[in-house]
Amino acid sequence: MKKILVLTVALLCYFCTYSQEAKTSDNIPTLIISPRIEVNPHIGLSEGGYYGSDFGATSLYTFLDGTIGEHFSYSMSNHWLSTTPGALYRDPFRSDEADFIDWLTISYNIGGFTFTLGKESILYGNYEIDYADIDQHAEVCSSFWNKSMTYQWGGKVEYCFSDESSTLAFHFASSPFGERPFASKLFCYSLKWSGEYGCFAPIWSANLIEYERGVFVKTLGLGNGFFFDNLSVEFDAMYRHLKYDGDNHEALAVCKVGYTFKDKVELFAKGGYEYFSGIDIFGWEDDFGFIPTDVSLCGGNYAFYGAGVNYYPLRNSDALRLHAVISSNNYSNSLAMSFGATYHFDLTNTIRKHR
């Protein structure tokens, strides 16, 4: 496995060097540096409620994308800093922990097929997970989004139909329940269908995620997006089942409604409900905070809700985003607020301007 990782990184370095030496701007890779800073105060609503403040999703990311010739492409997202940066580097290349590589892929496309190797998100069929982490607001996301290790090493085959409205994908990857990719011999198998049909854009998937050797978590994800001129509605439904020490099953429903004014101000409201019977399949030991790490310890039913605004103040650009979000849930018995800024600095455009 280590040899595969070294080879993958070496190939990406070669691709980047090759692209930077190319004379045409089309071969210059896109490199975006993205810092995010925010502060999140939490106010308990009654005795026993969660109090405190933190710096939330304050972080530093980079995003690198490029092409080599007509058929090859590559993509990499690195999470360099967080409020606990040591955790990103303490034990990299684990299946059950997040590290400084979110995704790292090399793809080959021919005809309608795309073949991909590397690390990327498990195909959960879920709009909430489809967004880049840096653009999400954790306090108004499901516990599943907050605790699941979605980025895994593996390979994917994808086919885009000739009308480009429908895509089928099969993904084979390491299981988030293992410790080391492939060395743990626990795997994940995913099948996803997505498409765009007028205002309707579905993301549906089915997954088999190995929990123990020969024992699988079965998931069905139905992400449904409805997009109009300025209005968007995203509805995710997910069912998860594991027959382990009893009949353990979980269900998730999340809805987000957003409205955009003149591409500058986005208002949104979001809420969700998670049901658990038996153990929390993806949970770990409880650590009391605003978001539960093990929902089964808070009664087995988790509801969350909130609203916010994203504001893009720069003219003809969405590079800078200012946000304010307020949320609550039935676990923390508190009110969370989040105020912050995210800036996506496109280094590629700066290089082009000075060539």
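Since the structure is predicted, the reported quantities are computational estimates derived from the model, not experimental observations.

Turning our attention to the overall build of the protein chain. If you tally the helices and strands in the protein chain, you get five helices and 18 strands. The 355 residues of the protein chain split such that 45% are buried. Taking the intrachain contacts of the protein chain between residues at least 6 apart in sequence as the baseline, contacts between residues at least 24 apart amount to 56%. Per element, the accessible surface of the protein chain, about 17,500 Å² overall, is 61% carbon and sulfur.

So, about the environment of valine 309. With respect to the helices and strands, valine 309 occurs in strand β15 (residues 301–311). Linking valine 309 and alanine 269, residues 40 residues apart in sequence, is a C-alpha distance of 8.9 Å. Beyond its immediate chain neighbours, meaning those up to four positions away, valine 309 contacts Val265, Glu266, Leu267, Phe268, Leu322, His323 and Ala324.

Per-residue confidence for the protein chain averages 89 on the pLDDT scale, and 90% of its residues sit at or above 70. Segment residues 3–8: pLDDT under 50, and four contacts once partners within four positions in sequence are set aside and those in other chains are kept. A low-confidence stretch, residues 18–25 stays under pLDDT 50, and its non-local contacts, those more than four residues away or across chains, total 13 contacts.

Turning our eyes to something else, we now look at the nonpolar core. One recurring pattern in soluble globular proteins: nonpolar side chains tend to sit buried together. Counting 24 residues, the largest nonpolar core has Tyr124, Phe144, Ile209, Val217, Ile281, Phe282 and Tyr302 as its most contacted members. Each residue touching tyrosine 302, except ones within four places of it in the same chain, is listed here: Ser143, Gly272, Tyr273, Glu274, Phe290, Ile291, Pro292, Val295, Asn329, Asn330 and Tyr331. In terms of nonpolar packing, the next biggest core, distinct from the first, is built from eight residues, Leu64, Met76, Leu88 and Leu104 among them.

Bridging between strand β1 (residues 30–44) and strand β17 (residues 334–343) involves seven bridges; their strand directions are antiparallel. If you follow glycine 44 over to β17, its bridge partner there is serine 334. Sheet topology places strand β16 (residues 320–329) next to β17; nine bridges connect them, and they run antiparallel. Counted as the bridge partner of alanine 324 is phenylalanine 339 from β17. As consecutive antiparallel partners, β16 and β17 are separated by four residues, and within that stretch asparagine 333 has a phi angle of approximately 55°, a positive value.

Here lysine 147 shows up in helix α4 (residues 143–147). On the basis of relative accessible area, lysine 147 is assigned to the buried category, the value being 3%. At a separation of 2.6 Å, a polar atom in the side chain of lysine 147 contacts the side chain of aspartate 280.

Cut-offs applied
- Residues numbered from 1 in each chain as written.
- Predicted model: local features only at pLDDT ≥ 70, side-chain atom pairs only at ≥ 80, totals over all residues.
- Heavy atoms only, no water.
- Helix = DSSP H or I, 4+ residues; strand = E, 2+ residues; numbered from the N terminus.
- Buried < 20%, exposed > 50% of the residue type's maximum accessible area, 1.4 Å probe, protein only.
- Contact = heavy atoms within 4.5 Å.
- Areas by Shrake-Rupley, 256 points an atom, 1.4 Å probe, with all protein chains shown as cover.
- pLDDT = per-residue confidence, 0-100.
- Core = buried A, V, L, I, M, F, W, Y, C linked by side-chain atoms within 4.5 Å.
- Pairing = 2+ DSSP bridges.
- Polar contact = N/O pair within 3.5 Å; in protein donor to acceptor, adjacent residues only side chain to side chain.

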